[in-house]
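Structural features, examined
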Amino acid sequence: DYRALRALSRPLYIAGALALLAVAFFGTVIRGTRGWFQFGGLTFQPVELAKVILIVVLAKYLSLKAHIIDFKVVLNLGILSGLYVALTLLQPDFGSALTLLGITVGMLLLTNVPRRYLAVGLLACFIIAALSWKFFLQDYQKARVVSFLDPMADPFGRGYNIRQSVIAVGAGGLFGRGLGEGSQSQLRFLPEAQTDFIFAVLAEQLGFFIVVLILACYGVMMWRLLLISRKTTDGFALFCIAGFAIVVGMQVVLNIGMNLGILP
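Counting from 1, residues in each chain are numbered in the order their sequence is written. The predicted nature of this model means local features are confined to residues of pLDDT at least 70 and side-chain atom pairs, given and counted, to a pLDDT of 80 or more, with totals for whole chains, interfaces and linings taken over all residues. The side-chain quantities take in all heavy atoms of the structure and omit both hydrogens and water.

1. Focus: the packing of aromatic side chains
Filter applied, for reference: Here is the rule: rings of Phe, Tyr and Trp (six-membered ring for Trp) pair when centre to centre is within 6.5 Å. Planes less than 30 degrees apart are stacked, more than 60 are edge-to-face, and the remainder are tilted. Strands are runs of DSSP state E lasting at least two residues, helices are runs of H or I lasting at least four, and both sets are numbered from the N terminus onward. When accessible area is computed with a 1.4 Å probe and restricted to protein chains, residues below 20% of their type maximum are described as buried, those above 50% as exposed, and intermediate ones as partly exposed.
Inspection of every chain in the model, using the stated rule, returns five aromatic pairs. Here Phe175 and Phe209 contribute two aromatic rings whose centre-to-centre distance is 5.3 Å and whose plane-to-plane angle is 40 degrees, an arrangement assigned as tilted. Of this pair, Phe175 sits in the loop between helix 8 (160-171) and helix 9 (183-186) while Phe209 is found in helix 11 (residues 208-231), placing the two residues 34 residues apart along the sequence. Exposure remark for Phe209: the relative accessible area of 44% places this residue in the partly exposed category. Arranged with centres 5.8 Å apart and planes meeting at 70 degrees, the rings of Phe208 and Phe209 form a pair that is edge-to-face.

2. Some remarks on the layout of surface pockets
To keep it simple, the criterion reads: The rule is simple: put a 1 Å grid over the protein atoms alone, call a set of points where a 1.4 Å probe fits but cannot get out a cavity, call an open set with protein on both sides within 12 Å along at least five of seven lines a pocket, and count a residue as lining if it has an atom within 4 Å of a point. Grid points are joined across faces, edges and corners, and a volume is the space filled by probe spheres set on the points. Under the scheme applied, nonpolar residues are Ala, Val, Leu, Ile, Met, Phe, Trp, Tyr, Cys and Pro; charged residues are Asp, Glu, Lys and Arg; polar residues are all the others, including Gly.
Taken as a whole, the second largest pocket encloses approximately 240 Å³ of empty space. Looking at the second largest pocket, the residues that line it are Ser9, Arg10, Tyr13, Val57, Lys60, Tyr61, Leu64 and Leu80. When residues of the lining of the second largest pocket are traced back to their parent elements, those giving at least two are helix 2 (9-26) and helix 3 (46-65). Among the elements that line the lining of the second largest pocket, the one with the most residues is helix 3, at four residues. Per-class residue counts for the lining of the second largest pocket are five nonpolar, one polar and two charged.

3. A short note on the environment of Leu215
On the secondary structure map, Leu215 appears in helix 11. A relative accessible area of 38% places Leu215 in the partly exposed class. In this structure the C-alpha to C-alpha distance between Leu215 and Val252, which are 37 residues apart in sequence, comes to 9.0 Å.

Put into structure tokens, the structure is as follows:
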């Protein structure tokens, strides 16, 4: 029963913050990010749970305040999400921090937030981005942006991942190389084929038509979430549904855009 989450939002928020704090100091480092707890052969990334908790917490708050969006409400939202974002940056996991920020902004846009707050928020994002590039982003994170803008500048170094992914997507053609086939994924030219570049693997092995089918499935899911949200009379349920739609939609767009070389 989703309504139980509303009553548990405060202890869940505290538990999520403690988990993010603990992993930043005691977690396992994987590719420069201390973002995982490791138990034997299994790993757990607390920020994934934090995304769900943040949606529940913001949904409860906005269901009570959506009719009076003023500076205090926006400030409180910033504090609630800002703690999670800051703890995630400690790892540092810039991509997940952006996702948490995107959840907050997306849910806020569903309310009647004054436009002046949006303008100030946009300006703050530009300032934070500039400061992050100067002081917070790691070298490998900067390299991702540089390689996105010019992947051929270092085709066998920082531009390697994007080149291999685009080659894999194009090599699949209309019908693909066949399940379990394909030189990019099977011969391990494609890095992190089981996670970050899974879309490129599907495109290479199954082809354009299956990729369109996958995107259509995501589209149907988003459409169903929209229908459900329009029928509900519970403000908490409405914002929860919207939050989950935002986080799934964001991650689909970011992952597929990265695989296609149109996003860093």
